[in-house]
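Each chain, letter by letter, is given below.
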Amino acid sequence: MPGSEWGTATEQRFNVNLSILFTGLPLLERPAAAAAAGFTAVELWWPWVDSPTPERSELDALKKAIEDAGVQLTGLNFYAGQLPGPDRGALSIPGAESERFRANIDVAADFARSLGCKALNALYGNRVEGVEAAEQDALALENLVLAARAADRIGAILLIETLNQPESPLYPLVSAPAGVAVVDRVNEATGLGNARFLMDLYHLSMNGEDLPSVIERYAAKTGHVQIADNPGRGAPGTGTLPLEDLLGRLRKAGYEGWVGLEYKPGDRPSAAAFDWLPAEARAAR
């Protein structure tokens, strides 16, 4: 909440999602804006929604912007279609979208490797009318196996994310157990053990899940956490989610990874949307 200070925030490692915060700035200016706000780590959805294979010059320009800002890229989405927009991933959608996802796998992995990024997120994709769910799930597993191998090649984990049913009615992974089941299937298929659950507390709360129970059951399989308050998907303190308590529970359950700030700034500049977090807690330790 504005002006409040999280007593235990210094024990967390926070990063800023530059695809939902600082979006009033051009992409290449966002890493420096996050650094100016006191953060040392950032994450991104796939930045080129129209292209799984952008020009080398575009990749190099973003790499330079991140390096020049002095921030660490800690998470990157594979190509996921129009996000934000109607799409929720490409890997389970037969035809051109699946091909785009495959074309993106090595591009995303190589870009992540060039910046020391150790987590790649693969959004599952919406159900498609006229296609059997089993066919989509078989294709998804095939593509997730390819993605897990590419992540392993660069020493990274593959993240699989649960979204929420009200906002993503065609997305099949709308509960923690559904997301974790896919994680388990991928790990069983590859034998690599590098697929992990992306626990987004906002999405899970929108689904009405028992968050303390989810944390207790799945913290050990979680590779990344994202937060926003509910209702509204705003900054912590703008809704009713007890986020400080929930992150404390995650720590007690053994989670020591990143907490991604993936919330909307509301009607204020993004730089003003961090007043809930003490300045000294923003730089990763």
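Residues numbered from 1 in each chain as written. Predicted model: local features only at pLDDT ≥ 70, side-chain atom pairs only at ≥ 80, totals over all residues. Heavy atoms only, no water.

### Some thoughts on the confidence of the model for the protein chain
The line we're drawing: A residue's pLDDT is the predictor's confidence in that residue, given on a scale from 0 to 100. A run of H or I in DSSP becomes a helix once it reaches four residues, and a run of E becomes a strand once it reaches two; helices and strands are each numbered from the N terminus.
In this model, the protein chain carries a mean pLDDT of 96, and residues with pLDDT of at least 70 account for 96%. Mean pLDDT in the protein chain bottoms out at helix H8 (residues 243-252), which sits at 95, and peaks at strand S5 (residues 157-161), which reaches 99.

### Side note on empty space enclosed by the protein
To keep it simple, the criterion reads: The rule is simple: put a 1 Å grid over the protein atoms alone, call a set of points where a 1.4 Å probe fits but cannot get out a cavity, call an open set with protein on both sides within 12 Å along at least five of seven lines a pocket, and count a residue as lining if it has an atom within 4 Å of a point. Grid points are joined across faces, edges and corners, and a volume is the space filled by probe spheres set on the points. Residues are sorted three ways: Asp, Glu, Lys and Arg are charged, Ala, Val, Leu, Ile, Met, Phe, Trp, Tyr, Cys and Pro are nonpolar, and all the rest, Gly among them, are polar.
Taken as a whole and assessed by the stated rule, the structure comprises two cavities of 30 Å³ or more. For the largest cavity, the lining is made up of 15 residues, of which Glu43, Gly75, Leu76, Asn77 and Gln226 are closest to its centre. At the level of secondary structure, the elements contributing two or more residues to the lining of the largest cavity comprise strand S2 (41-44), strand S3 (72-77), strand S4 (119-121) and strand S7 (222-227). When residues in the lining of the largest cavity are grouped by element, the largest group, four residues, is from S3. Here the lining of the largest cavity is composed, by residue class, of seven nonpolar, seven polar and one charged.

### Quick notes on helix H5 (residues 176-190)
As a reminder, the rule being used: To estimate how far a helix should reach, multiply one less than its number of residues by 1.5 Å. The buried label applies to any residue whose accessible area, calculated with a 1.4 Å probe on protein chains only, is under 20% of its type's maximum; exposed applies above 50%, and partly exposed to all values in between. Picture the helix axis, draw a direction to every C-beta atom, and the arc is the one those directions span. Any two residues whose heavy atoms approach within 4.5 Å at even a single point are treated as in contact. Polar contact is the term for a pair of N or O atoms within 3.5 Å; when the atoms are in protein, one must be able to donate a hydrogen and the other to accept it, and sequence-neighboring residues count only if both atoms are side-chain atoms.
The end-to-end C-alpha separation of H5 is 21 Å, in line with the 21 Å expected for 15 residues at 1.5 Å each. Among all positions in H5, only Ala176, Gly179, Val180, Val182, Val183, Val186, Asn187 and Thr190 are buried. The buried residues of H5 occupy an angular sector of 155° when the element is viewed end-on, so they sit on one face. Residues of H5 that are buried sit in contact with helix H4 (133-153), S5, strand S6 (195-200), helix H6 (201-206) and helix H7 (211-218). One side-chain oxygen of the residue at the start of H5 lies 3.1 Å from the amide nitrogen of Ala178, identifying that residue as Ser175.

### Some thoughts on H4
For H4, built from 21 residues, the straight-helix expectation of 30 Å at 1.5 Å per residue is met to within 8% by its first-to-last C-alpha distance of 30 Å. Summarising the contacts, the buried residues of H4 are in contact with helix H3 (96-114), S4, S5 and H5. Where H4 terminates, the next one or two residues include Gly155, which has phi positive at roughly 75°.

### What about the pairing of S2?
Spelled out, the test is: A pair of strands counts as paired when DSSP detects no fewer than two bridges linking them. When the strands point away from the viewer, a crossover counts as right-handed if the route from the first strand across the helix to the second turns clockwise.
Across the two faces of S2 the burial is the same, with Ala41 and Glu43 and Val42 and Leu44 all buried. The pairing of strand S1 (residues 13-17) with S2 spans two bridges and is classified as parallel. In the strand pairing of S2, Asn17 is matched with Glu43. Between the parallel elements S1 and S2, the chain passes through helix H1 (residues 30-36) in a crossover that is right-handed. Two strands pair when backbone bridges link them, and S2 and S3 are joined in this way by four bridges, in the parallel orientation. Each residue of the ladder has a partner; that of Leu44, found in S3, is Leu76. Between S2 and its parallel partner S3, the chain crosses via helix H2 (residues 56-69), and the hand of that crossover is right-handed.

### Focus: the nonpolar core
Spelled out, the test is: Residues belong to one nonpolar core when they are buried, are Ala, Val, Leu, Ile, Met, Phe, Trp, Tyr or Cys, and are joined through side-chain atoms within 4.5 Å.
If you look at the biggest cluster of nonpolar residues, it comprises 88 residues, and the most contacted ones within it are Met199 and Leu261. When residues no more than four places from it in sequence are discounted, the contact partners of Met199 are Leu204, Val214, Ile215, Tyr218, Ala219, Thr222, His224, Val225, Gln226 and Leu250.

### Focus: the environment of Ala119
By the element assignment, Ala119 lies in strand S4. For Ala119, a relative accessible area of 8% corresponds to the buried category. Through-space distance from the C-alpha of Ala119 to that of Asn77 is 8.5 Å; in sequence the pair is 42 residues apart. Apart from residues no more than four positions distant in its own chain, Ala119 is found in contact with Thr74, Gly75, Leu76, Ala156, Ile157 and Leu159.

### Re the packing of H5 against H7
How two helices pack is summed up by the angle between their axes together with the distance between the axes. The condition that has to hold: Angular values range over 0 to 180 degrees, each being the angle between N-to-C directions of two axes fitted as lines to C-alpha atoms, with helices fitted over their stretch in contact. Orientation labels follow simple angle bins: below 35 degrees gives roughly parallel, above 145 gives roughly antiparallel, 65 to 115 gives roughly perpendicular, and whatever is left gives oblique. Handedness of a crossing follows from how the near helix is turned relative to the far one, being left-handed for an anticlockwise turn of less than a right angle and right-handed for a clockwise one.
Where H5 meets H7, the closest approach of the two axes is 11 Å, and the angle between their N-to-C directions is 15°. Put simply, H5 runs roughly parallel to H7. You can see that H5 and H7 cross each other, and the crossing is right-handed. Across the interface between the two elements, Ala176, Pro177 and Val180 from H5 touch Val214, Arg217 and Tyr218 from H7. Its residues assigned to classes, the contact of H5 with H7 comprises five nonpolar, no polar and one charged.

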